[in-house]
Amino acid sequence: MKLSDIKKIAIVGGSGMMGVGIAQVFASSGRQVTIKTRNVQTCTVTEDLSGQLSAFLEEGLINETDRDRILSRVNITADAIEAYSDADLIFESVPEVMEVKHATFREMERYAKTSCIFASGTSVKSITEIAAVCEHKERIVGAHFWNPAVLIPLVEVIRTEDTSDEVFQLVFDLLQECGKKPAKCLKDVPGFLANRLQHALWREAFYMLDEGIADAATLDECIKNSFGFRLPQLGPFENADMVSTELTLNIHSYMFQHLYSGVEPSRTLVELVTEGKQGFATGEGFQSWTPEQAARSKAVLFQYLIDQTKYRRSHY
Ligand SMILES: NC(=O)c1ccc[n+]([C@@H]2O[C@H](COP(=O)([O-])OP(=O)(O)OC[C@H]3O[C@@H](n4cnc5c(N)ncnc54)[C@H](O)[C@@H]3O)[C@@H](O)[C@H]2O)c1
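Now for a description of the structure that goes with this document. (Residues numbered from 1 in each chain as written. Predicted model: local features only at pLDDT ≥ 70, side-chain atom pairs only at ≥ 80, totals over all residues. Heavy atoms only, no water.)

**Regarding the sheet that holds strand β4 (residues 89-92)**
The 8 strands lie next to each other as β3-β2-β1-β4-β5-β6-β7-β8, forming an open sheet whose pairing is mixed. With partners counted over all chains shown, the strands left at the sheet margins are β3 (74-77) and β8 (181-185), one partner each. Here the average twist between neighbouring strands, direction ignored, is 25 degrees. Across 5 bridges, the pairing between strand β1 (residues 8-12) and strand β2 (residues 32-36) is parallel. Following the sheet pairing, Ile11 is matched in β2 by Ile35. (Pairing = 2+ DSSP bridges. Helix = DSSP H or I, 4+ residues; strand = E, 2+ residues; numbered from the N terminus. Axes fitted to C-alpha atoms, helices over the stretch in contact; angles between N-to-C directions.)

Written out as structure tokens, the structure reads:
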């Protein structure tokens, strides 16, 4: 199969939080997208996609013609045969429950043609375990988008021991063609690539809070105003080369022994959850949040992501 052979993409669970963004990504590349939903009457994907596209239009990221074309390429069905039988790729975006993933993949294999690629959008589950119920495991990969799927560039493409080289490369190429920044995860490890890196940082931050070294707001600000400020432009390996590998070795030889390496979640985190302090949703978490502060945090993040997207489009 060639990249140009991937013309029709079905998204199962496509009316969910991730699915709508993923639909926009694929439809923007000119492909036909079918959202497989359980109930067409209650499915809000058209409204959600229109709202998402209006925000893009307002920000000048697309024009009205783009919007209309994207909308015209997306259709919705509850019929598995209609969704799957002529799909070249099926993207699974159903809830993170193994039984639901298994039932979905069984249904996909039942109706899809044998050349159809299956991609799972799971955040954390093993692709090998998800694929276990399928006969044609060579066509199955993970494709982990980050939320919001239209704005975060990375999609991790995860292979299992059974995934064919062709399928792995095709999904990578497809995502690249769709304007994403795919990354190959060569082994099906828990957390794939970026969540392992993210939570290595969170573990140390939460540990420092538990130990009373600084409060939560200070630690967040520390990250935002130091290495986090340059992080979009400078990863650890380029940074190590920049400051010299010798200096990096010197720092690691001294520091690693002092970093937290526990396997249990933070004490403070467990206490907050036990007390029902869920963060934005309840107004109390690591910090207190009024509804206005929580809304502002989300709005500031959204605008930052939009601005970053515009910056990247004009500079890369
Ligand atoms: N939300 C995130 O931030 C995020 C980020 C990256 C990846 N993911 C992954 O994406 C996948 C979907 O997550 P989401 O947040 O979009 O979930 P969601 O609950 O918003 O959407 C799930 C979709 O699946 C449908 N669905 C529910 N039960 C189903 C069933 N039994 N059979 C078939 N379809 C069913 C729902 O109608 C909905 O369309 C999960 O694997 C999740 O881990 C989520």
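**Remarks on a nonpolar patch on the surface**
Taken together, the side chains of Met242, Val243, Leu247, Ile251, Tyr254, Met255, Phe256 and Leu259 make up a nonpolar region of the molecular surface, amounting to roughly 780 Å² of accessible area. Listing elements by their share of the nonpolar patch, those giving two or more residues are α11 (236-243) and α12 (245-255). No other element matches the 4 residues that α12 contributes to the nonpolar patch. The topology assignment puts Tyr254 in helix α12. For Tyr254, a relative accessible area of 59% corresponds to the exposed category. (Patch = residues over 30% accessible without salt bridge, like charges linked within 9 Å, V, L, I, M, F, W, Y side chains within 5 Å. Areas by Shrake-Rupley, 256 points an atom, 1.4 Å probe, with all protein chains shown as cover. Salt bridge = Lys/Arg side-chain N within 4 Å of Asp/Glu carboxyl O. Buried < 20%, exposed > 50% of the residue type's maximum accessible area, 1.4 Å probe, protein only.)

**Re unusual backbone geometry**
Residues Asn147 and Pro148 are joined by a peptide bond in cis, for which omega reads 0 degrees. Topologically, Pro148 is positioned in the loop between β6 (140-145) and β7 (154-158). Look at Phe192: it is not a glycine, yet its phi comes out positive at around 50 degrees. The residue Phe192 is located in the loop between β8 and α8 (194-210) in this model. Look at Phe192 and you get buried, because its relative accessible area is 1%. Phi at Ser244 is positive, roughly 100 degrees, even though this residue is not glycine. Residue position: Ser244 is located in the loop between α11 and α12. Classification of Ser244 as partly exposed rests on a relative accessible area of 29%.

**What to know about the site of the ligand**
Around the ligand, the structure places 18 residues, and the nearest of them are Met17, Met18, Glu96, Lys101 and Ser123. Contact distances for the ligand include 3.3 Å between an oxygen atom and a backbone N or O atom of Val94. At 2.8 Å from an oxygen atom of the ligand is found a side-chain nitrogen or oxygen belonging to Ser123. Alone, the ligand offers 830 Å² of accessible surface; in the complex the protein occludes 71% of this. Elements supplying a minimum of two residues to the shell around the ligand: α1 (17-28), α5 (98-111) and β6. (Near = heavy atom within 4 Å. Polar contact = N/O pair within 3.5 Å; in protein donor to acceptor, adjacent residues only side chain to side chain.)

**Focus: the packing of α11 against α12**
Taken N-terminus to C-terminus, the directions of α11 and α12 make an angle of 110 degrees; their axes are 5 Å apart at the nearest point. Classed by the angle they form, the pair α11 and α12 counts as roughly perpendicular. On the side of α11, the interface is formed by Ala240, Asp241 and Val243, while α12 contributes Thr245, Leu247 and Thr248. Looking at side-chain class alone, the contact of α11 with α12 contains 3 nonpolar, 2 polar and 1 charged residues. (Parallel < 35°, antiparallel > 145°, perpendicular 65-115°, else oblique. Contact = heavy atoms within 4.5 Å. Nonpolar A, V, L, I, M, F, W, Y, C, P; charged D, E, K, R; others polar.)

**Here's the deal with the packing of aromatic side chains**
Tallying each qualifying case throughout the model produces 8 aromatic pairs. When the centroid spacing of 6.2 Å and the interplanar angle of 85 degrees are considered together, the rings of Phe26 and Phe145 count as edge-to-face. With Phe26 in helix α1 and Phe145 in strand β6, this residue pair connects regions lying 119 residues apart in the sequence. Each member of the pair, Phe26 together with Phe145, is buried. Centroid distance Phe91 to Phe145: 5.6 Å. Interplanar angle 75 degrees. Geometry classified as edge-to-face. Of the two residues, Phe91 sits in strand β4 while Phe145 sits in strand β6, which places them 54 residues apart along the sequence. Relative accessible area serves as the criterion here: at 1%, Phe91 is assigned to the buried category. Ring-pair connections join several aromatic residues into one group, and the members of that group are Phe26, Phe91 and Phe145. Above the plane of the ring of Phe118 lies Arg139, whose end atom (NZ or CZ) is 4.1 Å from the centre. (Phe/Tyr/Trp six-rings, centres within 6.5 Å; stacked < 30°, edge-to-face > 60°. Lys NZ or Arg CZ within 6 Å of the ring centre and 35° of its normal.)

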